[in-house]
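The residues making up each chain are set out below.
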Amino acid sequence: MAKREPIDVDALRRDAQGAVLGALARGDDAFDILAAVAPADLAHTLAQDVALLQLAVTALDHACPPGAEPLEYDGLRERYLPEVTFRGRVEHRNSQYALCAAACLRGGLQPDLLSDAGWWQTPLWQYAVYAVVVYSRAAAERLAVPVEEIARRIAARHGLELTT
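This one's a predicted model, so the numbers in the text were calculated from it and none came from an experiment.

Caption draft 1: A look at the packing of aromatic side chains. Under the defined criterion, the tally for this structure stands at three aromatic pairs. When the centroid spacing of 5.5 Å and the interplanar angle of 80° are considered together, the rings of Phe86 and Tyr130 count as edge-to-face. In this pair, Phe86 sits in the loop between α4 (76-80) and α5 (88-107) while Tyr130 sits in helix α7 (residues 124-143), placing the two residues 44 residues apart along the sequence. Like Phe86, the residue Tyr130 is buried in the burial classification. Their ring planes at 75° and their centres at 6.0 Å tell us that Tyr127 and Tyr130 sit as a pair that is edge-to-face. Here Tyr127 pairs with Tyr130, and both are found in helix α7, just three residues apart, close to one helical turn. We classify Tyr130 as buried; its relative accessible area is 10%. Members of the aromatic cluster, each reached through a chain of ring pairs, are Phe86, Tyr127 and Tyr130.

The rules behind the values
- Residues numbered from 1 in each chain as written.
- Predicted model: local features only at pLDDT ≥ 70, side-chain atom pairs only at ≥ 80, totals over all residues.
- Heavy atoms only, no water.
- Phe/Tyr/Trp six-rings, centres within 6.5 Å; stacked < 30°, edge-to-face > 60°.
- Helix = DSSP H or I, 4+ residues; strand = E, 2+ residues; numbered from the N terminus.
- Buried < 20%, exposed > 50% of the residue type's maximum accessible area, 1.4 Å probe, protein only.

The values are spatial; any link to function lies outside them.
Here it is in structure tokens:
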């Protein structure tokens, strides 16, 4: 039996982050962004979930710098993610969880991702992508810059080279 090469989880995390930010900078819609990230999906690991939530945290930092008015949660997804329709309680709850998990991480609270989302049928990373899109679009609107600029700022903060 041939040995498999070890998986470089850090490289896959960075690939997922780069794919999201590159697609965001190109102006892709949420579905195309999901498709760009899918090759980095590692079954049974939270590596890409955490990596993408980290991007959402940084986008939220741009949307709500210290002293700024907080984002209003009510209508947040409808306003900044109009191309996605969440159906049923599970999809609504999962998308809410990703948005709130990023806010928790930003505030210094580590959510229990494995216990909370490790059993989901749809992996958390997909909802984390939606959180990145929502918070990036909110940041772009608040700062009056294109979403591409927000993607570049997020990439710079994470030491990623952005290719569009």
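From this point on, the discussion continues.
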